[in-house]
Amino acid sequence: MVNETVLSNIFLKAVLPCLEPLTVKDVQAAQIASGWSGSIRFSSGIRGPRCTVKLKDAKAFVTPSALPRPDIGLFFPNALMLNNLFRGKGITIPLPYKGLLKIKGLMVFSKLAARMQEVLEGRESSVLDLKAELMIGLMSRAIVVLSEHDPEYKGYAAKLHGVAEFRIRNGFASHVDFSGTTPEARLGAASSPDFTLEFADNALFLDVTEDKVDVQAQACLGEISLQGDLHMGQIINIALDKIGEYLL
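Residues numbered from 1 in each chain as written. Predicted model: local features only at pLDDT ≥ 70, side-chain atom pairs only at ≥ 80, totals over all residues. Heavy atoms only, no water.

*Asks:* Give me the packing of aromatic side chains: which residues, what numbers.
*Replies:* The geometry of an aromatic ring pair is captured by two quantities: the separation of the ring centres and the angle between the planes. In total, this model carries four aromatic pairs according to the counting rule given. Consider the rings of Tyr153 and Tyr156, whose centres lie 6.1 Å apart with planes at 45 degrees: the pair is tilted. In this pair, Tyr153 and Tyr156 are both assigned in helix H7 (residues 153-157), three residues apart and thus about one turn of the helix distant. Given the relative accessible area of 0%, Tyr153 is considered buried. A residue is classified by how much of its surface remains accessible, and Tyr156, at 29% relative accessible area, is partly exposed. (Phe/Tyr/Trp six-rings, centres within 6.5 Å; stacked < 30°, edge-to-face > 60°. Helix = DSSP H or I, 4+ residues; strand = E, 2+ residues; numbered from the N terminus. Buried < 20%, exposed > 50% of the residue type's maximum accessible area, 1.4 Å probe, protein only.)

*Asks:* Break down the pattern of salt bridges for me, with residues and values.
*Replies:* Enumeration over the complete set of coordinates arrives at 15 salt bridges. For Arg115, the salt bridge is made with Glu118, and the minimal N-O distance between the two is 3.0 Å. On the criterion of helical spacing, the pair formed by Arg115 and Glu118 is a turn pair, its members being three residues apart in helix H5 (residues 103-121). Since its relative accessible area comes to 44%, Glu118 is described here as partly exposed. Notably, a salt bridge pairs Arg186 with Glu184, separated by 2.9 Å at the nearest N-O pair. Look at Glu184 and you get partly exposed, because its relative accessible area is 40%. Salt bridges sharing common partners tie together Arg123, Lys131, Asp207, Glu210 and Lys212. (Salt bridge = Lys/Arg side-chain N within 4 Å of Asp/Glu carboxyl O.)

Below you can see the structure in the form of structure tokens.
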């Protein structure tokens, strides 16, 4: 059963940050983002997650916190209502406590979010590389969210110390650093990862994220490789299964 509070954190802290590379790499997204300059704050419940999306110079900047003085403020009474916004179904009742009349900003964000969904759900060759880049960053950020908020996974993550890296051979990479008091997700390769999960190419990586291939068979063929601390790898695999449960 999906924990709605955890999912709301995944949407705000792992999914929305995909807007940053999207507006840099995708011409259509940049054109949409150029239509408005300002910031939108998303808030879930009294103690729930916050996130601020700022659009400026045709680019998106996402901060997983409540930045001061947003142009538009949207408050969702509970996690379920916020999640329904991203699911595109169910009851969604945001309370616009600021910027009620700034309809243009909301329309631009809505179009930008729709474009992000098109890329994340697309399989056309034209978006394959960008989708892989967005997904590999999303994966690391989602693991951090689970490590901090998922009641079951928090116990597993507390046992980790070191760096787990995810990479596509000769392509994109991201990693999660469990060395500090709280885990941190970062884009790019790590200098000395303790565990590495590598995929042969973008298409295989995306097939794995959508549960379309036999991972063990691909590992036997050398198309997927695991190196380093395999105990860390087992705990990371639990997180990957959970991400699938939340987002698929």
